Structure formats: structure tokens, C-alpha cells
Amino acid sequence: MLVTGEFLKKYPEVARMAQSKGVHPRRVAAGEISKIWGHSGMAHQGIALRVGRLSGHDGSKLRVEDIVSAHLSNTSTVVLLDRVTDINNVGAIVRSAACFDVDAVILPEHHSPSESCVITKASSGAADIVPVVQVGNLVKTMEYLKQHGYWCYGMDAGGDKALHEISFCERRAIILGSEGKGIRRLTREHCDHLVKIPMSARIDSLNRSKRLVIAIDGPSSSGKGTLAKELANVLRMQHLDTGKLYRVFAVKFPHKYSQARSHEEIRLNTEEEEEMLAALNNDDPGYYSEHVGRMASILARNSQVRSALLPIQRQFVLNAPQGAVVDGRDIASVVCPDADVKIFVSAYASVRARRRFRQLCGSNRKAMYKTVLFHLLHRDIRDTCRSSAPLVRTEDAIYLNNSHMQKAAALRELVEKIKTFL
Ligand SMILES: Nc1ncnc2c1ncn2[C@@H]1O[C@H](COP(=O)(O)OP(=O)(O)O)[C@@H](O)[C@H]1O
Ligand SMILES: Nc1ccn([C@H]2C[C@H](O)[C@@H](COP(=O)(O)OP(=O)(O)O)O2)c(=O)n1
């Protein structure tokens, strides 16, 4: 044991305890400990103790099998780190794991801080409470855990469920990804669930004081609705899904369209407008069917319909005290031409069709990829080639093609760009 004079003055009892165990502290200068320690990014507090390797019950290196067999018949939580490279983060996770009664923290041998002494130090000793196990292959470890009754939950900003919506199984493996990049693709594919933590923490970092209007346009299934919703969430703004407004119109007031003579104004009275606005908060899956989407796209070609819906959209934006994120087809060009930020979101048609196909399968609706692609291409043509307020990319719009981006990455990129407008 090496200790500095300062440490001894502050904690004389530590030296007494060590001596009672047969360990004799040697007094050294702080620099000597720094030299032995060798990790310039991490300070020491004036004491160093050389110990044997962190080990399992039989003195060998601890393995995942040991953890599993020690918790065969009961509830168990293990945490897996997928390339978390920052030692301070590893330390903080091990400390949290000790607080939450986690049975082990598992990390890959490569691409993780490997020296047990560093992990012990960074975790402020919590690594003595929670076993830290290093494995050769994280995915194989997940498979092994699954065979032994564990469910794998990947923490991913693009996850489908929020943390508070998940009821965890009794035996669970929580997978945390690396700083910035998150969980790797293969690891993610082996997760049973992807869970996100609602992102309110980012709001402060954006430090927003200005009222903003953000216009987002893009073709069907480009992800504009998902991005608009998340942005509104992050920026604490109202979200207006104008496509939904057209869908609601197609469901509730198709007769207004069919009965209107050409060039006759379509009128919606106050109650009808309120009914439409109320329906925006109605999550009835009927509104999202392919049939209603097609109807909406057909009605949306008509300039009388567009004129009837325009004041509702503009009023919504005017009434939003913190501003609004509005998504649709003609937002930057017609609804909010003075928007502070304009964004055009796109993705290749095949990618969009796959997303829509998955969405339909996920909501238990019958779908064939080819049919979905066919309808989507038709919708693209209708929405971009119509004479009244077609889908266009305005010159001043930020362009985002998210074909090869996860939802979280696309959101991150937009947040970074929007920061420059704050
Ligand atoms: N970057 C992305 N990667 C994978 N799937 C995505 C991405 N963005 C959106 N999705 C999914 O694609 C589907 C359509 O997205 P949505 O936001 O509704 O598109 P839009 O509003 O442009 O029609 C949804 O199921 C959504 O979860
Ligand atoms: N601002 C808008 C929003 C939607 N529309 C039309 C065109 C779209 O095909 C339909 C349905 O829009 P919606 O955004 O719900 O469709 P997708 O979710 O992108 O498939 O409404 C429009 O013309 N102008």
C-alpha cells in the first residue's frame, strides 16, 4: 500500500486498519502514485493498493456461466455494455448497478476499458460489490443468457417503447450502447425489445428561449411525422400533423367534397373545425389505414379542400404559445412560408415502402410489400404532380435523406441543425 502524507493526515484510521491486516503502508509523494497508476485522465486520492486479480469463487476469472448458475432459480438483472469506451461512464454504470442490485456488469474484452484496477477505481469500489465480467463475444453472451431465461432489453433512443411503458421480465439483460453511436446493429438485432428513455433531458441543453415555427415536408413514410413528433417533444412545442387533418377530413366530411360544385367554396363551421381539431388527438387506427391515406391524397388534390383546411392549420400555429412543428406536404411553401426552420425529409421509395409495410404488419393489418410499394409510388405522383400546392422542396429547406439512418440518428442530426436557429 502506497499513501501520501496528506492522505495519512486526513484518514489515519485507514493506515491502522491496513496494519491490523498485515499490510504496511509506505509513505510516498503523490507523483509516485501517479507514475504507477499511469492513467492521466483519472486523478488518484493519495492511496494505492496492489491486489490480486478480481476473481470468481474458485479463484479463476469470473465467467457469465458463474453468474447465471448463481441465479438459476430467481429474479436476475445483468447489464451488458456494448463498446462503452469511456472509463468514467463504465465506472458510473457499475456504481449505479451496485445501487440497483444488479447481479453483474458484462463487457466485451475488446473495445472496453480492460484493466480491472481502472474499472474498480472509476466505479469508486462498486466493482467489488457488482461482479464485472469480460466476455469474448457480446452477441454469443446474449444468446447464452436467452437460453437461460433472460430477456434482452436494448436501451436505444430509437426504441419503440418508452421505459415507463415496459414491464420487465424477471430475468433481464439490459444492454447499453456506446457514447454517441449507441448499440451496434448486430447487438440490436439480438435484443428482444428496444427501449427508449423519453428525451426531456435534451430540452435544457437546447436552452430554447425563442418562439419557433418549424415546417417539415416530405413524401409518404419518409419519417417526417416521427421526426416532427420527437422534435416537438424535445423542444416542448405543439405538433401539427397536417396529413392527419386531411385524413380526418376524408373520414368525416367526404360529402362536403363530393357535393361541392367546381369553384364553390367548401365551408366548415366552427363546430366542424373543432371536431377536426379534436380528432387530431384521436388515435383510432382507422385514420391510418391505407384506404384513408389514399382517400386523403385524392381529396388533397382539390384546391377547394385545401382552402378549407388552410385557415385551421394557420390558426393552430398562431395559437401555439411556444411555436409549433408542422409536418405535411405544403408546409414550407403554403401553410407557413415564413417558418423559422424549413426541413425536407426524404428516403428512397423502397425504404419508405419497407417502413410502411412493417408499420402495417406491426398493427396486424394484411399487407404485401409489392402492393404497398405500388400504392406509395402512386401517392408520390399524386402528391407531387397535382396543380394545387404540390409537394415541393423549397430552396431554403434543410434536406435530410434518412434512408440509411436510424430514427434517433436522424433526430440527432436535425436537432444539431436546429440549434443554429435558436
Ligand atoms: N429513420 C427511420 N428508420 C426506420 N424506420 C423509420 C424511420 N423513420 C420513421 N420510421 C418508421 O417508418 C414509418 C413511417 O414513418 P412516419 O413518421 O409515420 O412517416 P411519414 O409521417 O413521413 O408518413 C413508421 O413506422 C416509423 O416508425
Ligand atoms: N400538408 C398536407 C398533408 C397531407 N396531404 C395529403 C397528401 C397525403 O398523401 C395525404 C395523407 O397524408 P399523411 O401525411 O397522413 O400521409 P403519410 O403518413 O405520409 O402516408 O394527405 C397534403 O396534401 N398536404
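The structure displayed is predicted, hence computed values, not measured ones. (Residues numbered from 1 in each chain as written. Chains lettered and ligands numbered in written order. Predicted model: local features only at pLDDT ≥ 70, side-chain atom pairs only at ≥ 80, totals over all residues. Heavy atoms only, no water.)

S.K.: Sorry, what's going on with the site of ligand 2 here?
M.R.: Neighbouring residues of ligand 2: 19 residues in total, closest Ser220, Arg247, Arg306, Asp383 and Arg386. In the model, an oxygen atom of ligand 2 is placed 2.9 Å from a nitrogen or oxygen of the lysine 224 side chain. Within the side chain of arginine 306, one N or O atom sits 2.8 Å away from an oxygen atom of ligand 2. Expressed as a share of its isolated accessible area of 510 Å², the protein-covered part of ligand 2 is 95%. Where the shell around ligand 2 is concerned, the elements lending two or more residues are helix H11 (242-252), helix H14 (290-299) and helix H18 (369-385). Ranked by residues supplied to the shell around ligand 2, first place goes to H11 with four residues. A per-class count over the shell around ligand 2 returns four nonpolar, six polar and nine charged. (Near = heavy atom within 4 Å. Polar contact = N/O pair within 3.5 Å; in protein donor to acceptor, adjacent residues only side chain to side chain. Areas by Shrake-Rupley, 256 points an atom, 1.4 Å probe, with all protein chains shown as cover. Helix = DSSP H or I, 4+ residues; strand = E, 2+ residues; numbered from the N terminus. Nonpolar A, V, L, I, M, F, W, Y, C, P; charged D, E, K, R; others polar.)

S.K.: Help me understand the site of ligand 1, please; the structure alone is not making it clear to me.
M.R.: Contacts to ligand 1 come from 14 residues, most closely from Ser221, Gly225, Thr226, Met405 and Lys407. In the environment of ligand 1, an oxygen atom lies 2.8 Å from a nitrogen or oxygen atom belonging to the backbone of serine 221. Arginine 355 is positioned such that a nitrogen or oxygen atom in its side chain is 3.5 Å from a nitrogen atom of ligand 1. Burial of ligand 1 by the protein amounts to 80% of the accessible area it has alone, namely 560 Å². When contributions to the shell around ligand 1 are tallied by element, the ones reaching two or more residues are helix H10 (224-235) and helix H17 (349-362). For the shell around ligand 1, the residue count by class is two nonpolar, eight polar and four charged.

S.K.: Looking at this structure, how should I read the environment of proline 321?
M.R.: Structurally, the position occupied by proline 321 is in the loop between helix H15 (303-319) and strand E13 (323-328). Assessed through its relative accessible area of 60%, proline 321 is described here as exposed. Setting aside anything within four residues of it in sequence, one finds proline 321 in contact with Arg211 and Gln238. (Buried < 20%, exposed > 50% of the residue type's maximum accessible area, 1.4 Å probe, protein only. Contact = heavy atoms within 4.5 Å.)

S.K.: Any chance you could explain the packing of H17 against H18 here in plain terms?
M.R.: Two packed helices can be described by the angle between their axes and the distance between those axes. Packing of H17 against H18 leaves a shortest axis separation of 9 Å and a crossing angle of 120 degrees. When the interaxial angle is binned, H17 and H18 end up oblique. The two elements H17 and H18 meet at a crossing, and its hand is right-handed. Listed contacts from H18 to Ala349, Ser350, Arg352, Ala353, Arg354, Arg356, Phe357 and Leu360 of H17 are Tyr369, Val372, Leu373, Leu376, Leu377, Arg379 and Asp380. The class makeup of the residues in the contact of H17 with H18 is nine nonpolar, one polar and five charged. (Axes fitted to C-alpha atoms, helices over the stretch in contact; angles between N-to-C directions. Parallel < 35°, antiparallel > 145°, perpendicular 65-115°, else oblique. Left-handed = near helix turned anticlockwise from the far one by under 90°.)

S.K.: When you look at the sheet that holds strand E15 (residues 398-401) in this model, what are you seeing that I'm missing?
M.R.: What links the strands of a sheet is backbone hydrogen bonding, and the strands pair in either a parallel or an antiparallel sense. The parallel open sheet is built from five strands, whose spatial order is E12-E13-E11-E14-E15. Unpaired on one side and paired on the other, strand E12 (238-241) and E15 mark the two borders of the sheet. Pairwise comparison of adjacent strand axes, ignoring direction, gives a mean angle of 20 degrees for this sheet. Strand direction decides the pairing type here: strand E11 (residues 212-217) and strand E14 (residues 341-346), joined by four bridges, are parallel. Looking at E14, one finds that isoleucine 216 is bridged to isoleucine 343. Running over the sheet, H11 touches E12 and E13 and is turned about 50 degrees from E12. Most of the contacts of helix H19 (residues 407-419) go to E15, to which it runs at about 170 degrees, and overall it touches E11, E14 and E15. (Pairing = 2+ DSSP bridges.)

S.K.: Is there a simple way to explain the packing of H14 against H18 in this structure?
M.R.: Axis separation between H14 and H18 bottoms out at 10 Å; the angle between their running directions is 20 degrees. Viewed along their axes, H14 and H18 adopt a mutual orientation that is roughly parallel. The two elements H14 and H18 meet at a crossing, and its hand is left-handed. Note on element contacts: H18 touches H14 through His375, Arg379, Arg382 and Asp383, opposite Glu290, Gly293, Arg294, Ser297 and Ile298.

S.K.: Whenever I open this one, the packing of aromatic side chains confuses me. Can you help?
M.R.: Any two aromatic rings considered together are summarised by their centre-to-centre distance and by the angle between their planes. Counted under the stated rule, the structure contains five aromatic pairs. Measuring from centroid to centroid gives 6.2 Å for phenylalanine 249 and phenylalanine 253, while their planes differ by 45 degrees, and the two rings are tilted. Judged by relative accessible area, which is 5%, phenylalanine 253 ranks as buried. Ring geometry for phenylalanine 357 versus tyrosine 369: centroids 6.2 Å apart, planes at 90 degrees, classification edge-to-face. Of this pair, phenylalanine 357 sits in helix H17 while tyrosine 369 sits in helix H18; the two residues are 12 residues apart in sequence, bridging distant segments of the chain. (Phe/Tyr/Trp six-rings, centres within 6.5 Å; stacked < 30°, edge-to-face > 60°.)

S.K.: Teacher, can you tell me more about the nonpolar core here?
M.R.: Proteins that are soluble and globular tend to have nonpolar side chains buried together. Among the nonpolar cores identified, the biggest contains 34 residues, and Phe249, Leu268, Met276, Leu309, Val326 and Cys336 are the most heavily contacted of them. Residue assignment for this core shows that the elements contributing at least two residues are E11, H11, helix H13 (270-279), H14, H15, E13 and helix H16 (331-335). Top contributing element to this core by residue count: H15, with seven residues. Contact partners of phenylalanine 249, with chain neighbours within four places excluded, come to Pro254, Lys256, Tyr257, Ile266, Leu268, Met276, Leu299, Val305 and Leu309. Core analysis: the next-biggest nonpolar cluster, separate from the first, contains 23 residues, Val90, Val105, Val132 and Met155 among them. (Core = buried A, V, L, I, M, F, W, Y, C linked by side-chain atoms within 4.5 Å.)

S.K.: I tried to follow the side chain of serine 220 on my own but got confused; where do I start?
M.R.: Residue placement: serine 220 occurs in the loop between E11 and H10. Residues contacting serine 220, with those up to four places away along its chain left out, are Arg329, Arg352, Arg356, Leu376, Arg379 and Asp380.

S.K.: Whenever I open this one, the environment of valine 325 confuses me. Can you help?
M.R.: By the element assignment, valine 325 lies in strand E13. On a C-alpha basis, the gap between valine 325 and leucine 212 in space is 8.2 Å, while along the polypeptide they are 113 residues apart. Not counting the four nearest positions on each side in its chain, valine 325 is found in contact with Ile214, Ile216, Ala228, Leu231, Ala232, Met237, Gln238, His239 and Leu240.

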